[in-house]
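Working through the structure, step by step
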Amino acid sequence: MLAGPVQDLVEELTRLPGIGPKTAQRLAFHILKVDTADARRLAGAIVGVKEKTRFCARCFNISTTELCGYCTADRRDPTLVCVVEEARDIEAVEKTGEFKGRYHVLGGAISPIDGVGPDDLRIAELLARIPSEGIAEIIVATNPNVEGEATGMYLARLISPLGVKITRIASGLPVGGDLEYADEVTLGRAFEGRREFPH
Amino acid sequence: MQLRSLRLTDFRNYADAAVEFRPGLNLVVGRNGQGKTNLLEAINVLSGLGSHRGAAGEAMVRQGAERAVLSGTGSAGGRDVRVDAEVKRTGGTRLLVNRVAVERMSASSSAGMLVAVAFSPDDLVIIKGGPEERRRLLDQGAARVRPLGATERQEFERVLRQRTGLLKAASTSHRALATLDVWDESFARAGAVVVRNRLAVLDRLRPEVLRRYRSVSGQAGEVSVEYKASWLEPGTASAASEEGLRAALFDALAKARSRDLERGVSTVGPQRDDVEVLLEGADARLFASQGEQRTLALSLRMAERDLVAANRGEDPILLLDDIFSELDEVRRGHLVEMVAASGQTIATATSGAGWPMAVSQTLTVEAGRVLARE
Ligand SMILES: Nc1ncnc2c1ncn2[C@@H]1O[C@H](COP(=O)(O)OP(=O)(O)O)[C@@H](O)[C@H]1O
Ligand SMILES: [Mg+2]
Ligand SMILES: [Zn+2]
C-alpha cells in the first residue's frame, strides 16, 4: 500500500489522457526523487497554465491576453478564416507557413455518440464573426474523419446561403517521399481526390 | 504464395510452438480439442483477417497470458516476407509486415502479404444463417481486393453508429435533430460506397460460383447470387452507379425518418441488406436440400479463393478445417482437385487417412504441441 500523498498523486496522474496506472506510478516515484524546487516548478507550471491563460475572445485560441497573437497581428488577412477543432490544430496549420488569415476554434466536432451537437461547439460565435469582420472565405480544416466531415458539411449548409465561400482542405500524399512508401489508404484517397492539370 | 514457418507464443493453447510447413498438402492430425483449429486461426490472423471463427483478441490470448505473439515467414509475390502479429488481451491486434507496422484492416489486400482462404464446416451458415453472414462474405471480399475497401466499411460503421446515437438522443431532445440532415447525407455517401464495393465483389464471384457449383455437383444447375436491398428496386442493384445508389439511399432515409426516430434505429441501409443465393431461381436458404446447401457453401468459398487468386496473380494459402470428412465422395474429389492445383494447403483432420493424393508432410498436434511425422 502506497503512502497517502503518493497514492493521491498516482490517482491524479492516472486521470491524464494516455497515462495508465503503471506510467502514473513511474512518474509519481520520479517526482518523489526530484528536488523540492523542481517539484515546485512543475506544480507552478500546471497552476500557471490554468491561471494565466484564457480563450481568445474572438477565435478561442489559447491566449494570455484578451485577443490572441493571430487575431492582433497586422499582416494577417482578416477576411480569411481557418476553422479547426482544437487550439493545438492551429500550431499544425501554422507550421505549414501557408495560411495567413485568422482562425476559429470550434472546440470539437459534431458527435452524437459523445453527446456533442452544434450548440456545444462555437458555431454561433463563428456565424457572428462573418458580418463583423467582413469574412469572405472560410476554410474548414477539421479532422479527416467521419465527425470532422459531418461538422464541415453542417457548416457549409449554414454558411453557403450567406454568400460566403466555404472550402474544405484536401487530403493528399506526404510530399518529398517516394510514392512507393505511401500507405495504401492515403494513396487510394489521393486518387479519389485527383485534379486536372491546368491548361 | 507460401508459408514456411510459424511460431506461436501464448496463442490459445500454444505456450510456445514452432512449425515448419512445406509446399503442397500439409496435413495436421490430432484428436479433438488438441489445437488444430487454433493453428489455422493463427495463420488467418497473420493474413490480416483476424480469427476465421470471428473470435475476439481476448479469446485468442492463452489463459493467464497478457498477449499472444505470432510470427510467420514465407514468400508472396516472389519475395520473402515476414509477418508478426501481437494480439492483446485487452483487444487490438498489431501487425508488422517485414518489421514495418501496417494497418490491420487494409493488410489483407496489401501486396507482398501472406494471404489465406479458410474453409470450415461452419461455412454452411453462409447459406443457412442470417444476412450478416452473407454481408460478411462480401465485405471481407471487398477488403481482400482493395485496401480502401476496409477503410470505407469502417467509415460507414462509424456513420451508422453516429446516426443511431442521434436518433436515440432525438427522443429526449429536439435540439439533437438539427444535424440529422447532415448525418443522412454522410450515411448515404458512405453507404453507397459500401454497396458499390459489395456489388463489385458479387459481380466477380457470380461466374466463379456458377462454375464451381456445376463442377462440384456434376449438374448443369442454375446458380446465382443477387444483392437484396429494401431501398432498391428489385433487379436494379447491379446496374446502379454509385451516384444512383447514393440518391436511392438518401430518398429511403427520408422516407424512413419518422419510423427511425420512433424506434431509435436506422431501419434501412447496407446494415440491413442481404445476398440471395439462388438455386434454379429459388432462395437456397429456404428451398435447397442440405446437400445442395453444403455444395453451395463450398462453391462460394471456392469462388472467394478464385477471386483472391485472380486479384493477386498467385494462389492463396488454403486452410481446410476438418472439412474433408464432412463431404461425400464426389465433393471430396473436387476438393482434392482444388488442393492439387494449389500451391500450398494446410488441412486438419482427426485422422490422416483418406486423402487420395500425395501428402507433403503430416504434423501431429497434441495439447498445444506440434510434431512433424514423415
Ligand atoms: N485462450 C485459450 N487459452 C488456453 N487454451 C485455449 C484457449 N482457447 C482455446 N483453448 C483450448 O484449445 C482447445 C481447442 O483447440 P482447437 O484448436 O479448437 O481444437 P481442435 O484440435 O479440435 O481443432 C481446447 O482444449 C481449449 O480449451
Ligand atoms: Mg477444430
Ligand atoms: Zn484569436
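Residues numbered from 1 in each chain as written. Chains lettered and ligands numbered in written order. Predicted model: local features only at pLDDT ≥ 70, side-chain atom pairs only at ≥ 80, totals over all residues. Heavy atoms only, no water.

1. Examining the domain arrangement of chain B
Residue and element names in this part refer to chain B.
- Along its sequence, chain B is organised into domain 1 (1–115 + 316–374) and domain 2 (127–314).
- Computed over C-alpha atoms, the centres of domain 1 and domain 2 are 28 Å apart.
- Taken together, the contact pairs 26 residues of domain 1 with 21 residues of domain 2.
- Between domain 1 and domain 2, roughly 1,900 Å² of surface is buried when both sides are summed, and carbon and sulfur atoms account for 58% of that area.
- Run the count over domain 1 and domain 2 and you get 0 salt bridges.
- Connecting domain 1 to domain 2 are 5 residue pairs in polar contact (both at pLDDT 80 or more).
- Of all elements in the fold, only helix 3 (104–107) and helix 11 (329–341) reach the threshold of two or more residues within the side of domain 1 that touches domain 2. (Domains from an automatic or database assignment. Contact = heavy atoms within 4.5 Å. Buried area = accessible area lost by both parts, 1.4 Å probe. Salt bridge = Lys/Arg side-chain N within 4 Å of Asp/Glu carboxyl O. Polar contact = N/O pair within 3.5 Å; in protein donor to acceptor, adjacent residues only side chain to side chain. Helix = DSSP H or I, 4+ residues; strand = E, 2+ residues; numbered from the N terminus.)

2. Remarks on the pattern of salt bridges
- Considering all chains together, one arrives at 47 salt bridges over all chains under this definition.
- Between B:R301 and B:D123 there is a salt bridge, with the nearest N and O atoms lying 3.2 Å from each other. Here B:R301 is found in helix 10 (residues 290–312), whereas its partner B:D123 is found in the loop between strand 8 (116–119) and helix 4 (125–128), with 178 residues between them in sequence.
- Of the residues examined, B:R301 reaches a relative accessible area of 14% and is grouped as buried.
- Here the salt bridges share partners, and the residues they tie into one network are A:R157, B:R163, B:D181, B:D184, B:E185, B:R189, B:R257 and B:D260. (Buried < 20%, exposed > 50% of the residue type's maximum accessible area, 1.4 Å probe, protein only.)

3. Considering the packing of helix 1 (residues 4–14) of chain A against helix 2 (residues 21–33) of chain A
Residue and element names in this part refer to chain A.
- Between helix 1 and helix 2, the least distance of the axes is 8 Å, while the angle of their chain directions is 130 degrees. It follows that helix 1 is oblique to helix 2 by the angle criterion. Crossing hand, helix 1 versus helix 2: right-handed. Contact residues: helix 1 offers V6, L9, V10, L13 and T14, while helix 2 offers P21, A24, Q25, L27, A28, I31 and L32.
- Of the residues in the contact of helix 1 with helix 2, the class split is 10 nonpolar, 2 polar and no charged. (Axes fitted to C-alpha atoms, helices over the stretch in contact; angles between N-to-C directions. Parallel < 35°, antiparallel > 145°, perpendicular 65-115°, else oblique. Left-handed = near helix turned anticlockwise from the far one by under 90°. Nonpolar A, V, L, I, M, F, W, Y, C, P; charged D, E, K, R; others polar.)

4. What about the domain arrangement of chain A?
- The domain boundaries assigned to chain A delineate domain 1 (4–52) and domain 2 (55–168).
- Look at where the C-alpha atoms of domain 1 of chain A and domain 2 of chain A centre, and you get two points 33 Å apart.

5. Digging into the coordination of the zinc ion (ligand 3)
All names here are of chain A.
- Looking at the zinc ion (ligand 3), one finds its protein donor set to be C56 (SG), C59 (SG), C68 (SG) and C71 (SG), positioned 2.2 to 2.4 Å from the metal centre.
- Viewed at the metal, the 4 donor atoms of the zinc ion (ligand 3) are separated by angles of 104 to 114 degrees, and the geometry they form is tetrahedral.
- Each donor residue of the zinc ion (ligand 3) belongs to the same chain, with the gaps between them written as C-x2-C-x8-C-x2-C. (Donors = N, O, S within 2.8 Å, 3.2 Å for Na, K, Ca; no water. Tetrahedral: all angles 85-135°; square planar, octahedral: opposite > 155°, others 65-115°.)

6. Structural notes on the packing of helix 7 (residues 180–217) of chain B against helix 10 of chain B
All names here are of chain B.
- In the contact formed by helix 7 and helix 10, the axes pass within 7 Å of each other and the chain directions differ by 130 degrees. Taken together, helix 7 and helix 10 sit at an angle that is classed as oblique. Of the two possible hands of crossing, helix 7 and helix 10 adopt the one that is right-handed.

7. So, the site of ligand 1
Residue and element names in this part refer to chain B.
- Surrounding ligand 1, one finds 15 residues, the nearest of these being G33, K36, T37, N38 and V61.
- One of the backbone nitrogen or oxygen atoms of G35 is found 3.0 Å away from an oxygen atom of ligand 1.
- At 2.8 Å from an oxygen atom of ligand 1 is found a main-chain nitrogen or oxygen belonging to K36.
- Here ligand 1, which alone exposes 580 Å², has 71% of that area covered by the protein.
- Per-element tally for the shell around ligand 1: the top contributor is helix 1 (residues 36–46), with 3 residues.
- Among the residues making up the shell around ligand 1, the classes are represented as 2 nonpolar, 8 polar and 5 charged. (Near = heavy atom within 4 Å. Areas by Shrake-Rupley, 256 points an atom, 1.4 Å probe, with all protein chains shown as cover.)

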